[in-house]
Amino acid sequence: TDGYLYLVANKNLYRVDPVTGEADRIHTLSTKANDLDFLPCATGPNYNGDQDNDGVPDVFDDFPTDPALAFERFSPSEDGFGTLAFEDLWPSVGDYDFNDLVVRYRYREMANAYGDVVRLDADYFVQAAGAGHVNGFGVELPVAAADVRSVAYSRRPGTIALAANGVEAGHTNAVIIPFDDAKAMIPGAAGFVNTEVGTSVLTSATVNVALTIATPVPGSMVLGAPYNPFLFRRDDRGREVHLPDAAPTALADTERLGSGHDRTNAAIGLAYRTAEGRPWALHIADEFAHPIELRDLTLGYPRFAPWVLSGGTRYQDWYASPHRVSSHLFGQE
């Protein structure tokens, strides 16, 4: 209603004159922002209305009629999904095509009027499953398993032993298992899914996992997303593949660490990397075009190897469209 546009970039909030385009920084946020929300109104908002009497005015309350909830935050964003891609032949390098399991994720945390997290919802779907093995997917969360009141799965992982509150049994930290068979998520799946040239693109179902926390967690949880995700084989639960330098869970078979091409060294915090530093799992907080079957990731993404060798300091946009070779990527060739 003041006639200005507003722009958020990282931690800065700008007011933009819609006529001249001039932007003035008017506020610095305490953390980076994923989205900028707005409230369309004909007159000034009512800052005194508070239907649920939680102390948060309705104009700022994402749940104005629920006194237990006040705010919601998303990762990577309300409308977008991040990507996790895995090479499942760890501790061998394998074909290094990173399409054995490609998972898309989005997290939504819900906090009370004090900003403490009381619920975490997650949506996952499978983008590709180019593996001969039956692979499952799990996530270790930064919440004690004993502090979780309940976990509700829209699709229950049938082979996983769950504790009474819904987390996977046998862990100190809460571990959720969105699915234990990636191809079972995809109607019509047979053989390799969404990895071979000339094949139809199949669409995965989406599984929702809703975790309710008994002891509210101070601060924001989604800032730590994607947490500690991992691939595992359904017939070999201990064979976990994690993001580089992440820790295996309590159910992982740690005897494989440091074997084959893996050079895990807990003493220096090195895990799930080759001698050259190459990982077996990738996290992209955006869309990711995965390689075609049997195409090494470095063919489609020439800047990947120098990014790894630099320790992640150079070519941080190695996966962006201007730097990739589309002929090696599924759906892009």
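Everything quoted here is computed from the prediction, not taken from an experiment. (Residues numbered from 1 in each chain as written. Predicted model: local features only at pLDDT ≥ 70, side-chain atom pairs only at ≥ 80, totals over all residues. Heavy atoms only, no water.)

1. What to know about the overall build of the chain
Assigned secondary structure in the chain consists of 2 helices and 14 strands. Its C-alpha radius of gyration of 22 Å places the chain within 12% of the 20 Å reference for a compact globule of 333 residues. Summarising its shape, the C-alpha atoms of the chain cover approximately 65 × 55 × 45 Å along the three principal directions. Expressed as a percentage of its 333 residues, the buried residues of the chain come to 44%. (Helix = DSSP H or I, 4+ residues; strand = E, 2+ residues; numbered from the N terminus. Rg over C-alpha atoms; globule rule 2.2 N^0.38 Å. Buried < 20%, exposed > 50% of the residue type's maximum accessible area, 1.4 Å probe, protein only.)

2. Some remarks on a negative patch on the surface
A cluster of acidic residues, Asp-35, Asp-37, Asp-62, Glu-78 and Asp-79, forms a negative patch at the surface. Following the sequence through the fold, Asp-62 ends up in the loop between strand 3 (23–28) and strand 4 (71–75). When its relative accessible area of 34% is taken as the criterion, Asp-62 is described as partly exposed. (Patch = residues over 30% accessible without salt bridge, like charges linked within 9 Å, V, L, I, M, F, W, Y side chains within 5 Å. Areas by Shrake-Rupley, 256 points an atom, 1.4 Å probe, with all protein chains shown as cover. Salt bridge = Lys/Arg side-chain N within 4 Å of Asp/Glu carboxyl O. Lys, Arg positive; Asp, Glu negative; His and termini not counted. Charge placed at Lys NZ, Arg CZ, Asp CG, Glu CD.)

3. A few points about the environment of Val-148
Considering the arrangement of structural elements, one finds Val-148 in strand 9 (residues 148–153). On a C-alpha basis, the gap between Val-148 and Asp-17 in space is 47 Å, while along the polypeptide they are 131 residues apart.

4. With respect to the layout of surface pockets
Approximately 320 Å³ is the volume found for the second largest pocket. Along the walls of the second largest pocket sit 19 residues, with Arg-104, Gln-127, Glu-287, Phe-288 and Ala-289 positioned nearest its centre. At 3 residues, the largest contribution of residues to the lining of the second largest pocket is made by strand 7 (residues 117–128). Of the residues assigned to the lining of the second largest pocket, the class counts are 9 nonpolar, 6 polar and 4 charged. (1 Å grid on protein atoms, 1.4 Å probe; cavity = no way out; pocket = protein on both sides within 12 Å on 5 of 7 lines; lining within 4 Å. Points joined across faces, edges and corners; volume = space filled by probe spheres on them. Nonpolar A, V, L, I, M, F, W, Y, C, P; charged D, E, K, R; others polar.)

5. Here's the deal with the sheet that holds strand 1 (residues 5–9)
Taken in spatial order, the 3 strands of this open sheet run 1-2-3, and their pairing is antiparallel. Looking at the sheet topology across the chains shown, the edges are occupied by strand 1 and strand 3. Pairwise comparison of adjacent strand axes, ignoring direction, gives a mean angle of 30° for this sheet. Two elements, strand 1 and strand 2 (residues 12–16), share 5 bridges in a ladder whose sense is antiparallel. (Pairing = 2+ DSSP bridges. Axes fitted to C-alpha atoms, helices over the stretch in contact; angles between N-to-C directions.)

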